[in-house]
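Chain residues, written in single-letter form:
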Amino acid sequence: MLDVDPSVTSWTCLPLVLSRRIHHHVPDFLVTRPEGVSLLDAHPSLVKRPPPDWLGEAAQAMGYQYEKREEAELRGSIRLENAHDLLQYAGYRASLGDRIRILALLQENGSLPLSSCLEAVRSGSDAIAVIASLALQRFVEIELDDARIGPSTIVSRFRG
């Protein structure tokens, strides 16, 4: 989810150890956003015991905010399904020509449906892979929250 969140500049797994007396905890992620850096825990729904209350204070003492996300909040979300669809193209590299054509098309016309952007791909490659790759590399944004990705999904230049 962090890879497709336009407010996230970068993130790292298992970044550091928070301690309080004899208790220790390793947050799941360190997340950098323009407004600051936070430590994030993804709390599984099946775990009965929530993270300890002292984590927020320990994070703040180190200069971080502390966030907790419940797995149940994400399960079944449209954004999660769309992120899953996009991430299969994480290793794909769009050609320079396709990238320039897509960006020029969006610059000239503003936001467009995905189907219009696909028509601009000329490299003979998988056009969906090109657009997905550009989204993951933050050249373009794809609307991920309204519905599953389809022909009418809106694509725009990345504003991050």
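Conventions and cut-offs
Residues numbered from 1 in each chain as written. Predicted model: local features only at pLDDT ≥ 70, side-chain atom pairs only at ≥ 80, totals over all residues. Heavy atoms only, no water. Pairing = 2+ DSSP bridges. Helix = DSSP H or I, 4+ residues; strand = E, 2+ residues; numbered from the N terminus. Contact = heavy atoms within 4.5 Å. Axes fitted to C-alpha atoms, helices over the stretch in contact; angles between N-to-C directions. Patch = residues over 30% accessible without salt bridge, like charges linked within 9 Å, V, L, I, M, F, W, Y side chains within 5 Å. Areas by Shrake-Rupley, 256 points an atom, 1.4 Å probe, with all protein chains shown as cover. Salt bridge = Lys/Arg side-chain N within 4 Å of Asp/Glu carboxyl O. Buried < 20%, exposed > 50% of the residue type's maximum accessible area, 1.4 Å probe, protein only. Core = buried A, V, L, I, M, F, W, Y, C linked by side-chain atoms within 4.5 Å. Phe/Tyr/Trp six-rings, centres within 6.5 Å; stacked < 30°, edge-to-face > 60°.

**Q** Where do I start with the sheet that holds strand S7 (residues 112-113) in this structure?
**A** Within the open sheet, the 3 strands sit side by side as S7-S9-S8. Their pairing is antiparallel. The strands lining the two open edges of the sheet, one partner per strand, are S7 and strand S8 (140-142). Here S8 pairs with strand S9 (residues 154-157) via 3 bridges, running antiparallel. Looking at the pairing, Glu141 lines up with Ser156 of S9. Running at roughly 105° to S8, helix H6 (residues 127-136) makes contact with S8 and S9 of the sheet.

**Q** Sorry if this is basic, but what is going on with a nonpolar patch on the surface here?
**A** Among the surface-exposed residues, Leu14, Val17 and Val26 lie close enough to one another that they form a single nonpolar patch of about 250 Å² accessible area. Along the chain, Val17 falls in the loop between strand S1 (10-13) and strand S2 (18-20). Residue classification places Val17 among the partly exposed positions, given a relative accessible area of 44%.

**Q** So what exactly am I meant to see when it comes to the sheet that holds strand S4 (residues 29-33) here?
**A** Across a sheet, strands are paired by hydrogen bonds formed along the backbone, either parallel or antiparallel in direction. Taken in spatial order, the 4 strands make up an open sheet running S1-S4-S5-S6, and their pairing is mixed. The open sheet is flanked by S1 and strand S6 (65-70), the only strands paired with a single partner. Adjacent strand axes in the sheet meet at a mean angle of 25° when their direction is disregarded. Bridging between S4 and strand S5 (residues 36-43) involves 5 bridges; their strand directions are antiparallel. In the sheet register, Thr32 faces S5, and the bridge partner there is Val37.

**Q** What's the story with the pattern of salt bridges in this structure? I'm lost.
**A** Two side chains carrying opposite charge are able to pair once their charged atoms lie near each other. Counted by the stated rule, this structure contains 7 salt bridges. Taking the shortest distance from any N to any O, the salt bridge between Asp98 and Arg101 comes out at 2.8 Å. Residue Asp98 and its partner Arg101 are located together in helix H4 (residues 96-109), separated by 3 residues, close to a single helical turn. Classification of Asp98 as buried rests on a relative accessible area of 0%. Residue Arg101 is classed as partly exposed on the basis of its relative accessible area, which comes to 34%. Each of Arg33, Glu67 and Arg69 takes part in a single network of salt bridges with overlapping partners.

**Q** How do you make sense of the pairing of S4 when you look at a structure like this?
**A** Successive side chains on a regular strand alternate, one facing one side of the sheet and the next facing the other. A large share of S4 lies buried, amounting to 4 of its 5 residues. Sheet analysis places S1 next to S4, joined by 4 bridges and oriented antiparallel. Across the sheet, Cys13 pairs through a bridge with Phe29, a residue of S4. The hairpin turn running from S4 into S5, its antiparallel successor, is 2 residues long.

**Q** Please clarify how the nonpolar core should be interpreted in this entry.
**A** As a rule of thumb, nonpolar side chains are buried together in soluble globular proteins. Grouped together as the largest cluster of nonpolar side chains are 25 residues, with contacts concentrated most on Ile102, Val140 and Val155. Elements that contribute at least two residues to this core include exactly helix H3 (78-87), H4, helix H5 (114-118), H6 and S8. Sorting elements by how many residues they give to this core places H6 first, with 8 residues. Listed in part, the 8 residues of the second largest apolar core include Leu16, Leu39, Trp54 and Ala58.

**Q** Explanation requested: the packing of aromatic side chains in the structure shown.
**A** Counted under the stated rule, the structure contains 1 aromatic pair. Ring geometry for Trp11 versus Phe29: centroids 5.5 Å apart, planes at 80°, classification edge-to-face. You can see Trp11 sitting in strand S1 and its partner Phe29 sitting in strand S4, a full 18 residues away along the chain. For Trp11, a relative accessible area of 32% gives the class partly exposed.

Purely spatial values, then, with no claim about function.
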